[in-house]
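Coordinates in review
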Amino acid sequence: MDIYKTIIIGGGPAGLAAAIYTGRARLRTLVLEKVATGGQLLLTDYVENYPGILQTEGGRLMETFLEQAQKFGAELAYGEVHDLRPNADGYEIVTGEETYHTLSIIVATGSSHRHIGVPGEKELWGKGVSVCATCDGAFFKDQIVAVIGGGDSALTEAIFLKNLCRQVYIIHRRDELRAEQILQERAIAASNISFCWNTVLEEIVGEKEVTSVRVKNVKTGERSEIALSAVFVAIGMTPNSGFLRPLVKLDENGFVLATHQMATSAPGIFVAGDVRSASYRQIATSVGDGVTAAMSVELWLENSGLIPALK
Ligand code: NAP
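Residues numbered from 1 in each chain as written. Predicted model: local features only at pLDDT ≥ 70, side-chain atom pairs only at ≥ 80, totals over all residues. Heavy atoms only, no water.

**Observations regarding the overall build of the protein chain**
This is how the line gets drawn: Helix and strand assignments come from DSSP, with helices taken as H or I runs of at least 4 residues and strands as E runs of at least 2, each series counted from the N terminus. The contact definition used throughout considers only heavy atoms, calling two residues in contact when any of these lie within 4.5 Å.
Helix and strand counts for the protein chain stand at 6 helices and 17 strands. Counting only C-alpha atoms, the protein chain reaches 65 × 40 × 30 Å along its principal axes. For the protein chain, long-range pairs separated by at least 24 residues make up 58% of all intrachain contacts whose partners lie at least 6 apart in sequence.

Here is the structure:
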């Protein structure tokens, strides 16, 4: 039977950083990716807060991560994990097509965009409703659009859209943003970004495409309609951790609980990046998680007698 020393589930910054380190430790490593390596960074127009790199495109940065991981021997396979089962040697990972065997696992599956759940969101998905300005913004050149949310994602989306669109509304349920200060300054300084404070989205309106949104001011109770062509929903993320239940302990929001060494509650299963409970969800912190998880895997394999100790 073909057994990997470690399988890393997820090929974003955390997973690929882990693969660079397990590869260099000469542990036979497989990175198992659902769709495309790079994670959310594939949808990121530019990165300017990764130390050591002044500015780059998210996709380009991730290409380098992958090249580096493969240079040190990491293998890459595609498939969505349906099941994870302990067996006599370690774990079996079952995807739609294959069953993989491994002594240890690093879960680096990240998180997915949350939906807001208002009427029209599902019906008009891809017809003006989006979670990715980099992917879809160009369809709305010179038009009026809205971004929902007040965090880093919402402001990053709005700042990208302001260069393309005539007018960008940021619709936020409070009168205070949680986005980092530099993004707040840029958004506030933009002449074509307007804030709708204390405002919640009630409905996205349109037949074949988005034509307006119905909103409500939560302080005054006043309802209004804004004519626009697109709505970018940026209200946070949910963890991609469903397949880990009941094997691994999760927090109340479904993020994976871990020690400082990235060990989960299951022996030989480690975690890294956005899917970890209490992660700051930055590229740099995900990379740090990935490296920590990789070094912990090596130590765990040594301590378990599954690989020879170095000294
Ligand atoms: P987030 O920080 O959780 O912010 C979500 C925003 O959406 C909050 O403003 C929240 O409002 C609002 N919201 C949540 N549920 C809502 C609902 N049902 N209806 C209306 N509004 C709702 O999520 P994020 O912005 O996606 O960021 C996620 C993580 O990625 C963060 O750690 C962030 O730092 C990181 N990130 C970093 C960058 C960067 O470095 N440039 C870019 C993107 C993301 P309240 O404020 O009222 O809770």
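More follows now that the structure is in view.
**Remarks on the site of the ligand**
Filter applied, for reference: A single heavy atom is enough: if one lies within 4 Å of a molecule or strand, its residue is considered near that molecule or strand. Pairs of N or O atoms within 3.5 Å make up the polar contacts considered here, provided that, within protein, one atom can donate a hydrogen while the other can accept it, and that residues adjacent in sequence are counted only when both atoms are side-chain atoms. The method behind every accessible area is Shrake-Rupley, applied with a 1.4 Å probe, and residues are considered shielded solely by the protein chains displayed. In this count, Pro and Cys sit with the nonpolar residues alongside Ala, Val, Leu, Ile, Met, Phe, Trp and Tyr, while Asp, Glu, Lys and Arg are called charged and the others, Gly among them, polar. How far each domain reaches was decided by an automatic or database domain assignment.
As a matter of local geometry, the ligand sits amid 20 residues, with Asn 49, Asp 152, Ser 153, Arg 174 and Arg 178 nearest to it. Between the ligand and the protein, one listed contact pairs an oxygen atom with a backbone N or O atom of Gly 151 at 3.3 Å. Measuring from an oxygen atom of the ligand, one finds a side-chain N or O atom of Gln 282 at 2.9 Å. Relative to its unbound accessible surface of 920 Å², the ligand loses 77% to contact with the protein. Residue composition of the shell around the ligand, by class: 4 nonpolar, 9 polar and 7 charged. Each of domain 1 (3-113 + 237-310) and domain 2 (129-233) contributes no fewer than three residues to the shell around the ligand.

**A look at the packing of helix α1 (residues 13-24) against helix α6 (residues 283-303)**
Using the following cut-off: For helices, the axis comes from a line fit to the C-alpha atoms of the stretch in contact; other axes are also lines fit to C-alpha atoms, and the angle between any two N-to-C directions lies between 0 and 180 degrees. Crossing handedness is defined as follows: a turn of the near helix away from the far one that is anticlockwise and smaller than a right angle gives a left-handed crossing, while the clockwise case is right-handed.
Two elements in contact, α1 and α6, have axes separated by 7 Å at closest approach and are oriented at 40°. Here α1 and α6 pass one another in a crossing that is right-handed. Of the residues in α6, those touching α1 at Pro 13, Ala 14, Ala 17, Ala 18, Tyr 21 and Thr 22 are Ile 283, Ser 286, Val 287, Gly 290, Val 291, Ala 294 and Met 295. Of the residues in the contact of α1 with α6, the class split is 10 nonpolar, 3 polar and no charged.

**A short note on the packing of α1 against helix α2 (residues 58-71)**
The test is simple: By the definition adopted for this analysis, an angle is roughly parallel if under 35 degrees, roughly antiparallel if over 145, roughly perpendicular if from 65 to 115, and oblique otherwise.
At a minimum axis distance of 8 Å, the contact between α1 and α2 shows a crossing angle of 30°. Regarding the angle of α1 to α2, the classification is roughly parallel. You can see that α1 and α2 cross each other, and the crossing is left-handed. Together, Pro 13, Leu 16, Ala 17, Ala 19 and Ile 20 of α1 and Met 62, Phe 65, Leu 66, Gln 68 and Ala 69 of α2 make up the contact between the two elements. In terms of residue class, the contact of α1 with α2 is made up of 9 nonpolar, 1 polar and no charged.

**Quick notes on the sheet that holds strand β14 (residues 223-227)**
Note the threshold: A pair of strands is considered paired only if DSSP assigns at least 2 bridges between the two.
Read from one edge of the open sheet, 3 strands run β12-β13-β14, paired in antiparallel fashion. A single partner strand is all that each edge strand has here, and the edge strands are β12 (199-206) and β14. Put simply, the sheet's adjacent strands are angled 25° from each other on average, direction ignored.

**Things to note about α2**
To keep things clear, this is the line we draw: Any helix carries an expected span of 1.5 Å times its number of residues minus one. Only protein chains enter the accessibility calculation, which uses a 1.4 Å probe; a residue is then buried when its area is under 20% of its type maximum, exposed when over 50%, and partly exposed in between. When we speak of the arc, we mean the arc of directions from the helix axis to the C-beta atoms.
Taking 1.5 Å as the rise per residue, α2 with 14 residues should run 20 Å; its terminal C-alpha atoms sit 20 Å apart, in good agreement. Among all positions in α2, only Gly 58, Leu 61, Met 62, Phe 65, Leu 66 and Ala 69 are buried. For α2, the angular spread of buried residues about the axis comes to 140°, placing them on one side. The exposed set on the far side of α2, more than 90 degrees from its buried face, consists of Arg 60, Glu 63, Glu 67 and Lys 71. The inward-facing, buried residues of α2 contact α1, β3 (75-78) and α6.

**What about the pairing of strand β4 (residues 81-86)?**
When β4 meets strand β5 (residues 91-95), the two strands line up antiparallel, connected through 5 bridges. Its bridge partner lying in β5, Leu 84 is registered against Ile 93. Counting the residues that bridge the hairpin from β4 to β5 gives 4 residues.

**Brief notes about the state of the cysteines**
Just so we agree on the cut-off: Any cysteine sulfur atom paired with another within 2.5 Å is treated as part of a disulfide.
Counted under the stated rule, the structure contains 1 disulfide. Cys 165 carries a free sulfur, and the closest cysteine sulfur to it, the one in Cys 132, is 13 Å from it. Cys 165 sits in the buried class, given a relative accessible area of 5%. Cys 165 supplies the cysteine sulfur nearest to Cys 196, a cysteine that is in no disulfide, at a spacing of 15 Å. A relative accessible area of 14% places Cys 196 in the buried class.

**Brief notes about the pattern of salt bridges**
Short version of the rule: Take a side-chain nitrogen of Lys or Arg and a carboxyl oxygen of Asp or Glu: if they are within 4 Å of each other, that pair is a salt bridge.
For the coordinates displayed, the defined rule picks out 10 salt bridges. A salt bridge links Lys 141 to Asp 142; its shortest N-O distance comes to 3.9 Å. Take Lys 141: its relative accessible area is 51%, and that puts it in the exposed class. With its nearest N and O atoms 2.9 Å apart, the salt bridge here joins Arg 214 to Glu 203. Within this pair, whereas Arg 214 is found in strand β13 (residues 210-217), its partner Glu 203 is found in strand β12, the two being separated by 11 residues in sequence. For Arg 214, a relative accessible area of 33% translates into the label partly exposed.

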